[in-house]
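This is what each chain is made of:
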Amino acid sequence: MRITLTDKTVFVACTTIFLTFLINSKLGSIWILYLNVLMTAGVWGYAIRRWDEFSHLSRSAIFGAIASITYLPMDWAFSHQIGLISYLRPDIPWMRAVPFSLLLTRMITITIIIYLYQRLHSVRGRLISAGITGVMAFIGSTVLDQLGSARLWNWNAVRLAHFLYIGSVPAFVPIALFLAFLLSPYYFYRSHIIIAGIRCGIFMGAIQFLCFVLFYFFMPILLR
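Just so you know, these numbers come straight off a predicted model, no measurement behind them.

S.K.: Explain the side chain of S149 to me, and be specific about the residues and the numbers.
M.R.: With respect to the helices, strands and loops of the structure, S149 is situated in the loop between α5 (126-148) and β2 (153-155). Beyond its immediate chain neighbours, meaning those up to four positions away, S149 contacts W155 and S168.

Have a look at this one:
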């Protein structure tokens, strides 16, 4: 697969997100997330206009925005109803779920993941592309959680049940994201990019809730 200039801008976004979370793990400032969002939007906006208009990156950005917004009700349920996660850096008072800075960051991360799927699918089969995308979602969510936990959010799973953890994140979270993005071929099956994003947001929430329920009821039995 030939590496394009747009691929390089997506790789730059991966690097800046990692560095942003790494720096934030030391400083604990919400504003560095906004700086990363502005930088990424600028670079991607230039790339879409110059090289990639109406192609993979622009479609992925629309997908990421729609999927993130569709996922918001489940995020609200996890944070305000179940109490599984507590966000430590609220930035807009009327945001009832995830802080706006993290919502924008989530849009970027989903854009990166689904861009990876589309680029792989353009040169390889759907199953291989979906498998690699799911694995990258698992790894990426696990790594970023180690950096974001205790500075941007806290997982309260310990007080709810005896969950299996991977570092600081309950194991069902990256597992759910792996399964959600393993379904990437389904999201695009005979559907407009907006419908594909809605499907992804719904399945991200549904699979994560299902994994939470399974771990909640069966993990204490397995850990006895």
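Next comes the rest of the description.
S.K.: Which residues make up the packing of helix α1 (residues 5-27) against α5, and what values do they have?
M.R.: The interhelical angle for the contact between α1 and α5, taken along N-to-C directions, is 25°, at an axis separation of 8 Å. Considering the angle they form, α1 stands roughly parallel to α5. Mapping the contact onto sequence places I17, F18, F21, L22 and S25 in α1 and V143, L144, L147 and G148 in α5. By residue class, the composition of the contact of α1 with α5 is seven nonpolar, two polar and no charged.

S.K.: If you had to explain the environment of D91 to someone new, which residues and values would you point to?
M.R.: Mapped onto the elements, D91 comes out in the loop between β1 (85-87) and α4 (100-121). In sequence terms D91 and I62 are 29 residues apart; their C-alpha atoms lie 24 Å from each other. Ignoring anything within four residues of it in the chain, the contact list for D91 reads I30, Y34, P99, F100 and S101. Within the local environment of D91, its side chain forms a polar contact with the side chain of Y34, the two groups lying 2.7 Å apart. Within the local environment of D91, its side chain forms a polar contact with the side chain of S101, the two groups lying 2.9 Å apart.

S.K.: For the environment of F215, give the residues involved together with the corresponding values.
M.R.: Residue placement: F215 occurs in helix α9 (residues 193-222). Judged by its relative accessible area of 14%, F215 falls in the buried class. Spatially, the C-alpha atoms of F215 and A137 are 20 Å apart, while their sequence positions differ by 78 residues.

S.K.: Account for the packing of aromatic side chains, naming residues and giving values.
M.R.: Tallying each qualifying case throughout the model produces 13 aromatic pairs. Centre to centre, the rings of Y186 and F203 are 5.4 Å apart; their planes meet at 65°, and the pair counts as edge-to-face. Of this pair, Y186 sits in helix α8 (residues 184-188) while F203 is found in helix α9, placing the two residues 17 residues apart along the sequence. The exposure class of Y186 is partly exposed, given its relative accessible area of 38%. By relative accessible area, which is 27% here, F203 ends up partly exposed. Chaining the aromatic ring pairs together yields one cluster made of F63, Y117, Y186, Y187, F188 and F203. In this arrangement the basic side chain of R199 is found over the ring face of Y186, its NZ or CZ atom lying 4.7 Å from the centre.

S.K.: Explain the layout of surface pockets to me, using residue names and the numbers behind them.
M.R.: The volume enclosed by the largest pocket comes to roughly 1200 Å³. Forming the boundary of the largest pocket are 44 residues, of which T109, I113, G140, S141 and L144 lie nearest the centre. Mapped onto the lining of the largest pocket, the elements with two or more residues apiece are α1, α3 (56-81), β1, α4, α5, β2, α7 (172-182) and α9. Sorting elements by how many residues they give to the lining of the largest pocket places α4 first, with 11 residues. Along the lines of polarity and charge, the residues of the lining of the largest pocket split into 33 nonpolar, six polar and five charged.

What counts and how
Numbering of residues starts from 1 in each chain and follows the order in which that chain's sequence is written. Reporting of local features is limited, given that this is a predicted model, to residues whose pLDDT is at least 70; pairs of side-chain atoms are given and counted only at 80 or more, and all residues count toward the totals for whole chains, interfaces and linings. Think of the side-chain values as coming from all heavy atoms in the structure, minus any hydrogens and water. The helix count covers DSSP runs of H or I at least four residues long, the strand count covers runs of E at least two residues long, and both are numbered beginning at the N terminus. The contact criterion used is simple: two residues touch if any of their non-hydrogen atoms lie within 4.5 Å. Under this scheme, a helix contributes an axis fitted over its contacting stretch, all axes are lines through C-alpha atoms, and angles between N-to-C directions fall in the 0 to 180 degree range. Here the angle decides the label: under 35 degrees means roughly parallel, over 145 means roughly antiparallel, 65 to 115 means roughly perpendicular, and every other value means oblique. Under the grouping applied here, Gly and all other residues not named as nonpolar or charged are polar, the nonpolar ones being Ala, Val, Leu, Ile, Met, Phe, Trp, Tyr, Cys and Pro and the charged ones Asp, Glu, Lys and Arg. Whenever a nitrogen or oxygen atom comes within 3.5 Å of another N or O atom, the pair is scored as a polar contact, on the condition that within protein one atom can donate a hydrogen and the other can accept it, and that pairs from neighbouring residues in sequence are kept only if both atoms are in side chains. Any residue under 20% of the maximum accessible area for its type is buried, any over 50% is exposed, and the rest in between are partly exposed; the area is computed with a 1.4 Å probe on protein chains only. Here a pair means two rings of Phe, Tyr or Trp (six-membered ring of Trp) with centres within 6.5 Å. Their orientation is stacked below 30 degrees between planes, edge-to-face above 60, and tilted elsewhere. Here, a charge over a ring is recorded when the distance from Lys NZ or Arg CZ to the ring centre is within 6 Å and its angle to the ring normal is within 35 degrees. In this analysis, the protein atoms alone were mapped onto a 1 Å grid. Cavities are point sets where a 1.4 Å probe fits without being able to get out; pockets are open sets with protein on both sides within 12 Å along at least five of seven lines; lining residues have an atom within 4 Å of a point. Grid points are joined across faces, edges and corners, and a volume is the space filled by probe spheres set on the points.

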